[in-house]
Amino acid sequence: MNIVFGIIIGLIILMLLVVAHEFGHFIMARRNGVRVLEFGIGFAPRAIAWVKKPVEQKDEDGKPLLGADGKPITKLKWVKIPKKDWSKPQDSMVFSLNWLPIGGFCAMDGESDADRRKGTFGAASFWGKTKILFGGVAMNWLVAFVILTVLALTGMPQFLEHQFYLGQDAQQIDVSRSVVVDKVVEGSPADEAGFESGDEIIAIEGETVSSAAVISQYGKDHAGETVKYKIKRGEEEKELTANLNPADSEYALGVSMASYGQTFIRSTWSAPIVGLGVTAQITGETFKSLGQLVWNLISGVFRQFSPNDTVREEGREDLAAAGDSVSGPVGIIGVIFPTFASTGISNLAFLAALISVSLACMNVLPIPALDGGRWLIIAIYKLRRKKLTKETEEKIVSRAFMVLLTLIAIITILDIIKLF
């Protein structure tokens, strides 16, 4: 059930982050005079759609209200589009909900740079196109900043080495999350009850515990009694019954334990600064990881052609490291989100911010199928003072998109292999 819950949460968060990205494009398009034909949440097939239309205002008796000119008074309202009219062009933007919950889209009029009709993307200035293309990137960075600022106020989990915060406005909170059995004394009540090294003690007599000190104190307070412990061994949960030693014994249960926890840093006035600092820190780490990934791929491939067995083995290690360092939709939704969902809302929110930054960083890259790549193509043709035809743009973008889809397919296959 936890895995299913984590997958559902993952789908929702990923969809919201992509919708936020598309909303960034939407805002910039509208501000720069570009018509948006449709803004959709999810991908086709379409489930339901609305469009803004002038609706006649009526009085309490249902009669049309008339203006000073004698004409009916109208007001723009969102009106549901009948399914039979879905394929017909509409006079204003369509807002739709679609069945595949894997993102969203912002369909602009004339998305080709060569389209010069008024109100199209192509008719916008170069600076306008720049703002439109990078509007989604900016929105993802903004979402991450807001999430991390809120976390800074409530308690931000520490995941990064030397994670940014201001020492003069930082309260450290250490939270114990699990207690794991280190050793079991031979012949002790724990040994007879079936405790093993590595067991995680999660409850005593039905009460959840997360501290070794609490467990030890409980044993002292209930010396000589029969106590039920709930433990987790691997993925399996068990209930073990132990007859504790008397109060005058060396120990009650007979185990040594280790507490594993997590550190949170809470800020007050510096929360926005911390949010901005950690966003910048994650951005830097993301680009650093992308650089390492590319290096491992290139190094791994070239080393496979070496006649030296040691060099080829190092190449295989580089390729394996590259494979382990990336996750596609299956890995993120099927593994990462369920893991984080089980550790609390703060960790889940931090993961959402991290993925939002990753989306921003990926879309900045000069890959023609992505925002940064499309901008680079337009910029190159503008610098060369040559016209970028619709056919040329579509050819470049479609080929890059096919390469991108191939990479996503490979990563998905690797994720499935890891998952099972």
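Higher on the page you've got the structure.
In this text the structure is predicted, and so the values were computed from the model without any measurement.

## Points about the overall build of the protein chain
In terms of helices and strands, the protein chain carries ten helices and ten strands. A compact globule built from 420 residues should have a C-alpha radius of gyration of about 22 Å, whereas the protein chain, at 29 Å, is more than 25% larger. Viewed in the frame of its principal axes, the protein chain has a C-alpha envelope of about 95 × 85 × 50 Å. Counting only residues that meet the buried cut, the protein chain has 37% of its 420 residues in that class. Excluding contacts between residues fewer than 6 apart, the proportion of contacts in the protein chain whose partners are at least 24 apart in sequence is 69%. Entry remark: accessible area of the protein chain is about 24300 Å², with carbon and sulfur atoms responsible for 61%.

## Here we look at the packing of aromatic side chains
Counted under the stated rule, the structure contains ten aromatic pairs. On the basis of an interplanar angle of 40° and a centroid distance of 5.0 Å, the ring pair of Phe159 and Phe350 is categorised as tilted. Pair noted here: Phe159 is in the loop between strand E4 (156–157) and strand E5 (171–184) and Phe350 is in helix H8 (residues 345–364), with a separation of 191 residues, a long-range link. Owing to a relative accessible area of 38%, Phe159 belongs among the partly exposed residues under this scheme. Take Phe350: its relative accessible area is 1%, and that puts it in the buried class. Sitting over the face of the ring of Trp86, Arg46 holds its NZ or CZ atom 5.3 Å from the ring centroid. Residue placement shows Arg384 over the ring face of Tyr381; its charged tip is 5.5 Å from the ring centre.

## Focus on the packing of helix H2 (residues 126–154) against helix H5 (residues 271–303)
Contact pair H2 / H5: the axes reach a minimum separation of 8 Å and the direction vectors enclose 130°. Taken together, the axis directions place H2 and H5 in an arrangement best described as oblique. Helix-helix and strand crossings are classified by hand; for H2 and H5 the assignment is right-handed. Along the contact surface, H2 presents Trp141, Ala144, Phe145, Leu148, Thr149, Ala152 and Leu153, while H5 presents Ala271, Pro272, Val274, Gly275, Leu276, Val278, Thr279, Ile282 and Thr283. Residues of the contact of H2 with H5, tallied by class, amount to twelve nonpolar, four polar and no charged.

## What to know about the side chain of Ser267
With respect to the helices and strands, Ser267 occurs in the loop between strand E10 (255–266) and H5. Only 3.5 Å separates the side chain of Ser267 from the backbone oxygen of Asp169, close enough to count as a polar contact. Every residue in contact with Ser267, bar those within four places of it in the chain, is listed here: Ala152, Leu153, Asp169 and Val274.

## Details of the environment of Glu22
Here Glu22 is to be found in helix H1 (residues 2–31). Glu22 has contacts with Phe39, Gly104, Phe105 and Cys106, leaving out every residue within four places of it along the chain. Of note is the side chain of Glu22, whose polar atom sits 3.1 Å from the backbone nitrogen of Cys106.

## Things to note about the pattern of salt bridges
Taken as a whole and judged by the stated rule, the model has 16 salt bridges. The residue Arg117 makes a salt bridge to Asp115 at a minimum N-O spacing of 2.9 Å. The exposure class of Arg117 is partly exposed, given its relative accessible area of 43%. With a relative accessible area of 18%, Asp115 lands in the buried category.

Here is what the cut-offs are and how they apply
Residues numbered from 1 in each chain as written. Predicted model: local features only at pLDDT ≥ 70, side-chain atom pairs only at ≥ 80, totals over all residues. Heavy atoms only, no water. Helix = DSSP H or I, 4+ residues; strand = E, 2+ residues; numbered from the N terminus. Rg over C-alpha atoms; globule rule 2.2 N^0.38 Å. Buried < 20%, exposed > 50% of the residue type's maximum accessible area, 1.4 Å probe, protein only. Contact = heavy atoms within 4.5 Å. Areas by Shrake-Rupley, 256 points an atom, 1.4 Å probe, with all protein chains shown as cover. Phe/Tyr/Trp six-rings, centres within 6.5 Å; stacked < 30°, edge-to-face > 60°. Lys NZ or Arg CZ within 6 Å of the ring centre and 35° of its normal. Axes fitted to C-alpha atoms, helices over the stretch in contact; angles between N-to-C directions. Parallel < 35°, antiparallel > 145°, perpendicular 65-115°, else oblique. Left-handed = near helix turned anticlockwise from the far one by under 90°. Nonpolar A, V, L, I, M, F, W, Y, C, P; charged D, E, K, R; others polar. Polar contact = N/O pair within 3.5 Å; in protein donor to acceptor, adjacent residues only side chain to side chain. Salt bridge = Lys/Arg side-chain N within 4 Å of Asp/Glu carboxyl O.

These values are about where atoms sit, not about what they do.
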